[in-house]
Number of protein chains: 2
Amino acid sequence: MLVTPITELLGIKYPVFQGGMAWISDGKLAAAVSNGGGLGIIASGNAPASYVRDEIRKAKSLTDKPFGVNIMLLSPYADEIADVVAEEKVAVVTTGAGNPQKYMKMWKEAGIKVIPVVASTAIAKLMERMGASAVIAEGGESGGHIGELTTMVLVPLIVSSVSIPVIAAGGIATGEQGAAAFMLGAVGIQMGTRFLSADECSISEVYKEKILKASDRCTMVTGKRLGHPVRSLKSPFSRSYEKAEYSSISDDELEALAVGALRKAVVDGDNENGCFLAGQVAALVNKSESAASIVKSIAEDTEKCLKGASKWIR
Amino acid sequence: MLVTPITELLGIKYPVFQGGMAWISDGKLAAAVSNGGGLGIIASGNAPASYVRDEIRKAKSLTDKPFGVNIMLLSPYADEIADVVAEEKVAVVTTGAGNPQKYMKMWKEAGIKVIPVVASTAIAKLMERMGASAVIAEGGESGGHIGELTTMVLVPLIVSSVSIPVIAAGGIATGEQGAAAFMLGAVGIQMGTRFLSADECSISEVYKEKILKASDRCTMVTGKRLGHPVRSLKSPFSRSYEKAEYSSISDDELEALAVGALRKAVVDGDNENGCFLAGQVAALVNKSESAASIVKSIAEDTEKCLKGASKWIR
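Residues numbered from 1 in each chain as written. Chains lettered and ligands numbered in written order. Predicted model: local features only at pLDDT ≥ 70, side-chain atom pairs only at ≥ 80, totals over all residues. Heavy atoms only, no water.

An unreviewed UniProt entry annotates chain A as Enoyl-[acyl-carrier-protein] reductase FabK of Candidatus Ornithospirochaeta stercoripullorum.

Below, the structure is given as structure tokens:
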């Protein structure tokens, strides 16, 4: 068994988080991951507070294990959602795209462990000072909104910058990658893309098939011109968006191009107009299985790889 | 000691390659690395064949250990350089930016081990079929010309695609990162950026200082518009080049902007107009030391990390 500061802090069996993915990570998926011994996380994305409350209650009806909520701090509903998670006393809140400082006191009083996603040492240090229980260091090979540094470089930099536990995210879908994350100093891993293949993940069949069939050079990054790079599967939408970035189109028009594209992927399975977010590891995700099976196998495979680490030492 | 298929194949003490860096990796640096027990590599870049022959002979005068030559296959002098390495019977040739197929027979007859740098599974498989002795899987966090996939994702994909040894490159400057590379299935590591800090590395003092002082978000990628992304330190040159990429400037004008920028960094130390190539790990390179000390310490630190891999297993 992998027993680390993060399994002990949260009282979970395996040091495996399911990343909060907007439009995707609902109460059903989060509960399935938590029931499997990992930490399931409901994503709030840009959804209203009522959606988040409903999903929290759904998760509570499906599991008595701890689970989390990811709050995208740029959401217009961030303030309301911050109240909801405190009222519902969820075990963990992860945050992205901003600074959760103004909510920290309320959350800590509600007994919530706050674990921000960070992409630089400066933000990691700030979060530790503000009382974060741990941080998630997410490398730029991950899906969705991405930072500059890759997991190989970001994780050791963050580990050497803070004394709270560091969870590695980005580029992790196999035991080899899990073990690599541990060698970089992480004490837990977070996966998004691999959970897209979970039986309990309610994405369109088109989306799921694309993940299972993805080959090595399957993703691309768009959005750099507007300063918000996003990684997704190569698709008609992402290719035409990239072309528009290098055209004379205005920033407002460019922004408008992306509206609704995520819903079209997740809900409609619209191959032409959908934006199918995925990390580079989609190439390594080849089968559907239950969320519990994913959690157990990644933890066991990681442990097995770590046990074999002395293979070349004479 | 780390004894792996690559140390045994090449008869080197440590599974540590010094990456071929155009304008930088000369006979002096390569010999110092090889004398230290790693594999030093002379970079041909766009230099004429006479330069490469001179540097090979210089290295031979400084070491009796095996060393290599990196051939950038897009070089106008590639054919001549291919002949030179065969005539000089260097131990190893690494190749980049193209397909070395037409030289393979000549090189193998000269007893040369050919180890191409690869950034996709398709190319790795092709190289194995063509008789490559090993491949270097270089992730996009590295400096200079880069591929799409990061080390965390590329290395395991390549390892599962070929049965020859895989050396990991990109994002490696510490023992933690070396150990991570081994967990990903690599049996050797290649470093470029860390060797920029070597006493025997003849880059301008300005360049060396920039590497030693680099912080976590120190690099950027330019060149995507022309399809040849390059990672370098953020600098006046790289920022203005990036602006030009999103302007209405023609592709030819854009290409002309970069001419001479590498020499201005390496030779002149020109802070304004130089292009200072570096990998993301520049943030983790903080001291100058001898090439031999770098080779020994990365190998020993990697071994130490691998020995501690079971730390969290109960």
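What follows picks up the thread again.
**Quick word on the sheet that holds strand β10 (residues 219–222) of chain A**
Across a sheet, paired strands are connected by hydrogen bonds in the backbone, their directions being either parallel or antiparallel. Residue and element names in this part refer to chain A. As summarised here, the arrangement of the three strands in space is β7-β11-β10, forming an open sheet in which the pairing is antiparallel. Two strands close off the open sheet at either side, each with one partner strand: β7 (144–145) and β10. Relative to strand β11 (residues 230–233), β7 is paired through two bridges, and the arrangement is antiparallel. Residue pairing for β11: histidine 145 is matched across the bridge by valine 230. Running over the sheet, helix α10 (residues 236–245) touches β10 and β11 and is turned about 35° from β10. (Pairing = 2+ DSSP bridges. Helix = DSSP H or I, 4+ residues; strand = E, 2+ residues; numbered from the N terminus. Contact = heavy atoms within 4.5 Å. Axes fitted to C-alpha atoms, helices over the stretch in contact; angles between N-to-C directions.)

**A closer look at the pattern of salt bridges**
For the structure on display, the rule yields 32 salt bridges over all chains. A salt bridge links arginine 217 of chain A to glutamate 148 of chain B, with the shortest nitrogen-to-oxygen separation between them at 3.1 Å. Of this pair, arginine 217 of chain A sits in the loop between α9 (205–213) and β10 while glutamate 148 of chain B sits in the loop between β7 (144–145) and α7 (151–159), on two different chains. Among the residues examined, arginine 217 of chain A registers a relative accessible area of 42% and is labelled partly exposed. Overall, glutamate 148 of chain B belongs to the partly exposed group, its relative accessible area being 35%. Lysine 105 of chain B is the salt-bridge partner of glutamate 109 of chain B, the closest N and O atoms lying 3.2 Å from each other. You can see glutamate 109 of chain B and its partner lysine 105 of chain B sitting in helix α5 (residues 101–109), four residues apart, about one turn around the helix. Here the residues in one salt-bridge network are Arg53, Arg57, Lys60, Glu87 and Glu88 of chain A, joined through shared partners. (Salt bridge = Lys/Arg side-chain N within 4 Å of Asp/Glu carboxyl O. Buried < 20%, exposed > 50% of the residue type's maximum accessible area, 1.4 Å probe, protein only.)

**Remarks on the interface of chain A and chain B**
By a widely used convention, the size of an interface equals the accessible area lost when the partners come together. Each partner contributes residues to the interface: chain A has 50 residues there, and chain B has 50 residues. A buried area of about 4,300 Å², summed over both sides, lies between chain A and chain B, and 65% of it is on carbon and sulfur atoms. On the chain A side of the interface with chain B, the three residues burying the most area are Met152, Met183 and Trp312 of chain A, jointly 18% of the side's total. Taken together, the connections running from chain A to chain B amount to four salt bridges. (Buried area = accessible area lost by both parts, 1.4 Å probe.)

**Topic: the environment of asparagine 35 of chain B**
All names here are of chain B. Mapped onto the elements, asparagine 35 comes out in helix α2 (residues 27–35). Of the residues examined, asparagine 35 reaches a relative accessible area of 41% and is grouped as partly exposed. Sequence separation of asparagine 35 and glycine 11 is 24 residues, and the distance between their C-alpha atoms is 13 Å. A polar contact is formed between the side chain of asparagine 35 and the backbone oxygen of leucine 62, at a distance of 2.9 Å. (Polar contact = N/O pair within 3.5 Å; in protein donor to acceptor, adjacent residues only side chain to side chain.)

**Some thoughts on the sheet that holds strand β11 (residues 230–233) of chain B**
Residues and elements named next belong to chain B. Taking strand neighbours across the sheet as the criterion, the three strands line up as β7-β11-β10 in an open arrangement whose pairing is antiparallel. Two strands lie at the open edges of the sheet, namely β7 and β10 (219–222), each paired on one side alone. Helix α10 (residues 236–245) contacts β10 and β11 of the sheet and is inclined by roughly 35° relative to β10.

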